[in-house]
Amino acid sequence: MIVRVLGSGAGGGVPQWNCACANCEAARAGRAPRRTQSSLALSADGARWLLLNCSPDIAVQIEAFPALHPPAPRGTPITGMLLTDANIDHIGGLAVLRQRGGNRGFVVRSSATIREIATTQPAFAAFAAFPHRWIDVPLGKPIPSNDDDDFVGNALAVTAIAVPGTTPGYAGRRPVPAAVVAYEIADRHTHESLLFAPVFGSINDALAAAIARASVAFLDGSFYSDDELIETHLLAKQARALGHQPVGGIGGTLSNLRGTRTRIVFTHLNNSNPMLDAASEAYAHLREFGAELAYDGMELTL
Ligand SMILES: [Zn+2]
Ligand SMILES: [Zn+2]
């Protein structure tokens with residue numbers, strides 16, 4: 001399978017339009033990479049593509065990646081989406097893709113909880129009706145194939161795993177089961193596998209086991225420390241209160257993953273995160289561990 005990072009930033013991206021923090025200013029000045037909002041594109045054959053989350057930056061992300069350009073006067077190689085949660089930075093791109101006409105729509109997949117929350121919003125409810133299909137995925141076992149044309153279930157074995165997390169702010173930020181999921185995607189031909197877990201409040205047993213099994217794991221890199229939003233005077237909230245386990249510190253993701261042999265790539269990077277500065281101690285700690293930061297345009301073949 002081919003994996004392309006369409007975006008590696010958390011909500012708002014880097015730079016964020018209303019932020020003049022050091023990381024946003026460095027990106028504006030060209031001293032650090034710009035990051036659109038987090039999403040991956042994935043393909044088993046290079047012709048049909050699946051989006052893992054669909055960010056409000058999707059139109060720009062499509063233009064930046066020729067494999068996603070229309071193959072005909074009107075058309076798209078994107079067949080569908082797998083959604084990890086109902087946050088606007090992960091589903092807002094659906095509203096951007098609403099112009100798709102004809103009688104063959106997108107196949108959107110998520111947990112039932114995520115579908116129920118997202119479709120309370122009219123812009124997204126349209127994707128649960130013809131010509132689209134919004135399919136609830138089973139948890140903890142492979143998603144069955146939808147039809148012969150669908151590479152989820154055929155070329156790729158995809159399993160959704162419920163991870164600790166909350167509903168989005170617009171739905172009350174409540175800790176509801178399966179409000180957040182991760183996806184484990186194995187290529188049936190190469191037997192390599194990808195884990196996509198851009199949001200989690202902590203690492204439960206199922207997520208820890210999935211990280212250990214994966215060839216490559218894209219993990220929640222939103223925040224390095226629990227207090228960084230407060231220390232940088234950006235927001236009076238801790239990372240954990242926003243549903244994200246920080247990367248560093250006691251109980252952070254790096255300390256949880258000591259000894260792992262899986263290639264770890266942090267994505268969904270918030271602009272407050274000190275890891276974004278290559279001269280920081282946080283970045284040095286990440287590299288010492290052997291982990292990496294995702295970047296827009298990063299490509300892997302698994
Ligand atoms: Zn997000
Ligand atoms: Zn900023």
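Residues numbered from 1 in each chain as written. Chains lettered and ligands numbered in written order. Predicted model: local features only at pLDDT ≥ 70, side-chain atom pairs only at ≥ 80, totals over all residues. Heavy atoms only, no water.

Looking at the zinc ion (ligand 2), one finds its protein donor set to be C19 (SG), C21 (SG) and C24 (SG), positioned 2.2 to 2.3 Å from the metal centre. Along the chain, the residues donating to the zinc ion (ligand 2) are arranged with the sequence spacing C-x1-C-x2-C. You'll find C21 and C24 in the same group, each marked buried. (Donors = N, O, S within 2.8 Å, 3.2 Å for Na, K, Ca; no water. Buried < 20%, exposed > 50% of the residue type's maximum accessible area, 1.4 Å probe, protein only.)

This brings us to helix α7 (residues 205–213). For α7, the set of buried residues is L207, A210 and I211. Along the axis of α7, the buried positions cluster into a sector of 100°, meaning they face one direction only. Exposed residues lying more than 90 degrees from the buried face of α7 are D205, A212 and R213. Contacts made by the buried residues of α7 are with β7 (156–162), β8 (181–187), β9 (193–197), β10 (216–220) and β11 (263–267). (Helix = DSSP H or I, 4+ residues; strand = E, 2+ residues; numbered from the N terminus. Arc of directions from axis to C-beta. Contact = heavy atoms within 4.5 Å.)

A few words now on the pattern of salt bridges. Tallying each qualifying case throughout the model produces eight salt bridges. The salt bridge partner of R213 is E184, with a shortest N-O separation of 2.7 Å. Note that R213 is positioned in helix α7 and E184 in strand β8, a separation of 29 residues in sequence. For E184, a relative accessible area of 12% corresponds to the buried category. D226 is the salt-bridge partner of R240, the closest N and O atoms lying 3.8 Å from each other. Remark: D226 occurs in the loop between β10 and α8 (228–231) and R240 occurs in the loop between α8 and α9 (253–256); sequence separation between them is 14 residues. One network of salt bridges, in which partners are shared, links R115, E116 and D136. (Salt bridge = Lys/Arg side-chain N within 4 Å of Asp/Glu carboxyl O.)

A few words on the coordination of the zinc ion (ligand 1). Every protein donor of the zinc ion (ligand 1) is accounted for by D89 (OD), H90 (NE2) and H268 (NE2), and the metal-donor separations fall at 1.9 to 2.3 Å. Here the donor residues of the zinc ion (ligand 1) share one chain and are spaced in sequence as D-H-x177-H. Linking D89 in helix α3 (residues 88–91) with H268 in the loop between β11 and α10 (281–289), this pair joins segments that are 179 residues apart in sequence. Pair check on accessibility: D89 and H268 agree, each one buried.

Residues other than glycine predominantly adopt negative phi, and peptide bonds predominantly adopt the trans conformation. Along the chain, V14 connects to P15 via a cis peptide bond; the corresponding omega equals 0°. Locating P15 in the fold gives a position in the loop between β1 (2–7) and α1 (22–28). Residue P131 is reached from F130 by a cis peptide bond, and omega for that bond is 10°. Summarising the element assignment, P131 is placed in the loop between α6 (122–125) and β6 (133–136). Residue N53 is not a glycine yet carries a positive backbone phi of 70°. Among the secondary structure elements, N53 is positioned in the loop between β3 (49–52) and α2 (58–63). Classification of N53 by relative accessible area gives buried; the value is 0%. A positive phi angle, close to 65°, is found at H191, a residue other than glycine. Along the chain, the position of H191 falls in the loop between β8 and β9.

On to the packing of aromatic side chains, then. Tallying each qualifying case throughout the model produces one aromatic pair. For the ring pair W49 and F65, a centre distance of 5.2 Å and an interplane angle of 85° mean the geometry is edge-to-face. Of the two residues, W49 sits in strand β3 while F65 sits in the loop between α2 and β4 (78–82), which places them 16 residues apart along the sequence. Relative accessible area serves as the criterion here: at 2%, W49 is assigned to the buried category. Taking relative accessible area as the criterion, F65 reaches 6% and is therefore assigned buried. (Phe/Tyr/Trp six-rings, centres within 6.5 Å; stacked < 30°, edge-to-face > 60°.)

Our next topic: the environment of E116. Position of E116 among the secondary structure elements: in helix α5 (residues 112–118). With 20 residues separating them in the primary sequence, E116 and D136 have C-alpha atoms 9.8 Å apart.

Bringing the nonpolar core into the picture now. By size, the foremost hydrophobic cluster in this structure holds 53 residues, and its most contacted members are L51, M81, L94, I185, L194 and F218. The greatest single-element share of this core, amounting to four residues, is contributed by β3. Not counting residues within four places of it along the chain, the set of residues in contact with L194 comprises M1, V3, L40, L42, Y183, E184, I185, V216, F218 and L302. (Core = buried A, V, L, I, M, F, W, Y, C linked by side-chain atoms within 4.5 Å.)

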